[in-house]
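# A closer look at the structure
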Amino acid sequence: MDVIVVVALGSAVGDVAFYPQVPLLHCLLVVTLIVGFNKAIVQLTQSNKRIRQLVEGEPTKVVEDGVIQMQKLESTSLGLRALLELLRLKGVSNLGQLDLVILEPSCQLSLYKKDEPVAGLSILPEDDGDIDAVEAHQSDNRCCKSCGARREDDGNACLNSGCRDSAVQMRTMPRFAA
């Protein structure tokens, strides 16, 4: 919100500086309105929880127990590829390393890793998938290729809320630990 206010103020003041035909009084009026509007929004967000949630947003659990919560992810402004990129930038190579990931209102991720990683979906790019391929030695070693939910290779769509992908791949143990 602060960035929007700074850009709007800069534009209003810049018009007076670059266009002599723009009256100074108009600039002052616009600056006053912008500052007043910003102050009103700040007051409303501090006094009303519902407005604060609307303006600032709420933290969202996007990964729980190594599975991407697709329905919750869709309710955010972050796409699946962007989430996977942010996780890789945080040193995660496999969803089996994660207990919980929270997308904060600032678009930062809060990661809570498992003490002992388990087999899960590799999030490395497909070209490098073999780097992380230390196969799991369990009977249920398949997962949804999109969200990482454990499932059988029965051709049916994934049952994870919001996913519905039918592609399945082997779960792997994380090779890289951060």
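From a predicted model like this one, the values you see are computed outputs, not experimental measurements.

For Glu104, the location among the structural elements is in the loop between strand E3 (98–103) and strand E4 (109–113). The spatial distance from the C-alpha of Glu104 to the C-alpha of Pro59 is 4.5 Å, given a sequence separation of 45 residues. Beyond its immediate sequence surroundings of up to four residues, Glu104 is in contact with Pro59 and Ser110.

Any two side chains of opposite charge can pair, given that their charged atoms come close. As enumerated under the stated definition, the model contains two salt bridges in all. Two residues, Glu64 and Lys72, come together in a salt bridge whose shortest N-O distance is 3.0 Å. Under the relative-accessibility criterion, Glu64 is labelled partly exposed at 28%. For Lys72, a relative accessible area of 34% puts it in the partly exposed group. Here Lys114 makes a salt bridge to Asp65, at a shortest N to O gap of 2.9 Å. Taken as a pair, Lys114 in the loop between E4 and strand E5 (134–135) and Asp65 in the loop between strand E1 (60–64) and strand E2 (67–68) lie far apart in primary sequence, 49 residues in all.

Strand order in the open sheet formed by four strands is E2-E1-E3-E4, with antiparallel pairing between adjacent strands. The sheet is open, and its two edges are formed by E2 and E4, each paired on a single side. Pairing analysis gives two bridges linking E1 to E2, with the strands arranged antiparallel. The residue of E2 that forms the bridge with Glu64 is Val67. Against the sheet, helix H5 (residues 80–89) makes contact with E1, E2, E3 and E4, and its axis sits at roughly 60 degrees relative to E4, the strand it touches most.

What follows deals with the environment of Leu103. Structurally, Leu103 is set in strand E3. In sequence terms Leu103 and Thr76 are 27 residues apart; their C-alpha atoms lie 8.6 Å from each other. In this view, Leu103 contacts Glu58, Pro59, Thr60, Val62, Thr76, Leu78, Gln108 and Leu109; residues no more than four positions away in its chain are not counted.

Cut-offs applied
- Residues numbered from 1 in each chain as written.
- Predicted model: local features only at pLDDT ≥ 70, side-chain atom pairs only at ≥ 80, totals over all residues.
- Heavy atoms only, no water.
- Helix = DSSP H or I, 4+ residues; strand = E, 2+ residues; numbered from the N terminus.
- Contact = heavy atoms within 4.5 Å.
- Salt bridge = Lys/Arg side-chain N within 4 Å of Asp/Glu carboxyl O.
- Buried < 20%, exposed > 50% of the residue type's maximum accessible area, 1.4 Å probe, protein only.
- Pairing = 2+ DSSP bridges.
- Axes fitted to C-alpha atoms, helices over the stretch in contact; angles between N-to-C directions.

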